[in-house]
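# Notes for the structure review
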Amino acid sequence: MLAMASTGCHHLVLVLALSQMFLPFFLSVGADPVTVPDLSQCQLATDRPAAGPNAQNTYRFNCCIPIVPDHKVVRFSLDAYKSPKTRVRHPAHRVSEEYIAKYNKAYALMRALPDTDPRSFKVQADLHCAFCNGAYWQGGAAGNTPLQVHFSWLFLPWHRMYLYFHERILASLIGDPSFALVYWNWDDQRDGGNVLPPMFARNSTAVFDANRSASALSGSTLIRLSPASNTTNMTLVALENLNAMYQAVVTARTPDLFLGGPYVLGSDLTNSTVISAPLGGSIENTIHNGIHYWTGNRNSILGEDMGTFTSAARDPVFYSHHSNVDRLWDVWRSHLPDGERPDFNVTDFLDAEFAFFDEYANMVKIKVRDVLDISKLGYKYKRVSSDKLWIRFSPVPVSNGSALPAAVASGVPFVGPSPLNGTIELGKKLVARVQRPSALGVKRPDHSEEVLTIEGMDVMRDSFVQLVVFVNLPGATNTTLTNSAEYVGTFNVVASASQHRRLMTNLKFEMGDNLKRVGIKKDDEVVITIVVKGTERVTIQGLRIGYEV
Ligand code: C2O
């Protein structure tokens, strides 16, 4: 990129072309993968209420992992952890009474373990708090940068490992090696999966949690996967949900879009620049965060339990929620009609290493490369036919031809990539024209996606914020239905920690499929609408459209 200053036009185009295609890989050059932190260096995790009279208070939690003197540290190997039988994870709303009884027994036993036991429910929940709310610094040379396992490519693998050991502990507590977690099939819009699973709604069982929202506790309120339009028409909610799934899983073809961006030693989400900011993946940003918010009790100070990361894993439904997120990674990778999709193949990703506790309370060090194939890990997901509803969803456009000429005529501003002169305040809504790479003469590489990047989004995570993005729909507002082909995606910001609550990140959305469905082929610019919901100030540093493979 330094070449830009000294070269002519031809070179400039080339440099732009490269940076538009390969930006995520440039970012990881010269860094090292994250390593297991020094677990003896633990701080209190911090959290802060979303709003209300306590909004200025900081709450501190001791989520530190008990250091058992002389505990064994083992290195994970597929051989040592082979399971005698494949564990099959079923949808939570379809398991038998017998299975529910077994499930509750396992959690009751886990809850009965003393807090000093790393297998106890307390420590299991604290593991999540510790790595999400700044209890540990990154290992190695990355001194005092907090380790954060959300908002990047670490999200899916870290949570897979977490569930894997959690499941093994439950299985060993009831002496049943075939025991498997259930998954909360919230994406199912046909067979009853899109409410809080009834097995978790039964008062005073081991998997019940009273600290949930009224919607979750009702047991019959439909989940809104992209809680955008506020429509009360349940047929439309189901269509919005299917489109949310379609946009977050089916059209998010590249690993960067689906898993999220690079996070390496030294990555600091709370103090990053536009050049170093990673990003969360599509399923994390949209649906995963939305369900945390939907499930937590909004009358409790921090949105506990599910609504904030310090307490989310105190609700047993957390593990079932993440089981579905994990399942969708498997569906994305291996079970979509267009064939196998690649995970990242760089050592910064593959060699990122974390520590968990196994069923013997040994500490296990495990790398991302160990968990990419679930069949090797010895578990699988029961397939459900309702997946087809979103896999084959075909959103219909609501706009009538290109909105560009009218946008130009009415003075809709052009917004380019960063660095701009300063930042752009999003306000409640931003409508902008953004240049497409074809206008710069960039040839579209084979199998590439046309991707919109919202560069350098900067927000304080003091309360829930939502960014909803549309193409070719300048009139979109915060009540526009999200079931159309113009709906590109949503970024949900979950409120969080005081000390590390600033989030600066690049957001990416696949939009080529949208443009095709809307019928926009040759336009050099696209009209982008970003609708902001919530009360926080959100700024961005630029908008860019590029090709990514
Ligand atoms: Cu670690 Cu669903 O969050």
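Nothing here was measured: the structure is a model prediction, and the numbers come from that model.

A few words now on the sheet that holds strand β11 (residues 465-471). If you walk across this open sheet you meet the four strands as β9-β14-β11-β12, and the pairing is antiparallel. Here the strands that pair on one side only, and so sit at the sheet edges, are β9 (429-435) and β12 (487-493). Across the sheet, the mean angle from the axis of one strand to that of its neighbour is 20°, orientation sign disregarded. Here β11 runs beside β12; their pairing, made up of six bridges, is antiparallel. From the neighbouring strand, Gln 466 faces β12, where its bridge partner is Asn 492.

Once that is clear, we can look at the sheet that holds strand β3 (residues 73-75). Spatial strand order, β3-β6-β5: three strands in an open sheet with mixed pairing. Two strands close off the open sheet at either side, each with one partner strand: β3 and β5 (353-357). Each neighbouring strand pair of the sheet contributes to a mean axis angle of 30°, computed without reference to strand direction. Summarising the sheet, β3 and strand β6 (residues 363-367) pair through three bridges and their orientation is parallel. Its bridge partner being in β6, Val 74 is matched across the sheet by Val 364. Its contacts with the sheet place helix α4 (residues 155-173) against β5 and β6, and it is angled at close to 20° to β5.

Moving on, we get to the packing of helix α8 (residues 282-295) against helix α9 (residues 317-334). Packing of α8 against α9 leaves a shortest axis separation of 12 Å and a crossing angle of 160°. Here α8 is positioned roughly antiparallel relative to α9, judged by the angle of their axes. Between α8 and α9 lies a crossing of right-handed hand. Packed against α8, whose contacting residues are Ile 283, His 288, Ile 291, His 292 and Thr 295, the element α9 presents Val 317, Phe 318, His 321, His 322, Val 325 and Leu 328 at the interface. Looking at the contact of α8 with α9, its residues break down into six nonpolar, five polar and no charged.

Procedures and definitions
Residues numbered from 1 in each chain as written. Predicted model: local features only at pLDDT ≥ 70, side-chain atom pairs only at ≥ 80, totals over all residues. Heavy atoms only, no water. Pairing = 2+ DSSP bridges. Helix = DSSP H or I, 4+ residues; strand = E, 2+ residues; numbered from the N terminus. Axes fitted to C-alpha atoms, helices over the stretch in contact; angles between N-to-C directions. Contact = heavy atoms within 4.5 Å. Parallel < 35°, antiparallel > 145°, perpendicular 65-115°, else oblique. Left-handed = near helix turned anticlockwise from the far one by under 90°. Nonpolar A, V, L, I, M, F, W, Y, C, P; charged D, E, K, R; others polar.

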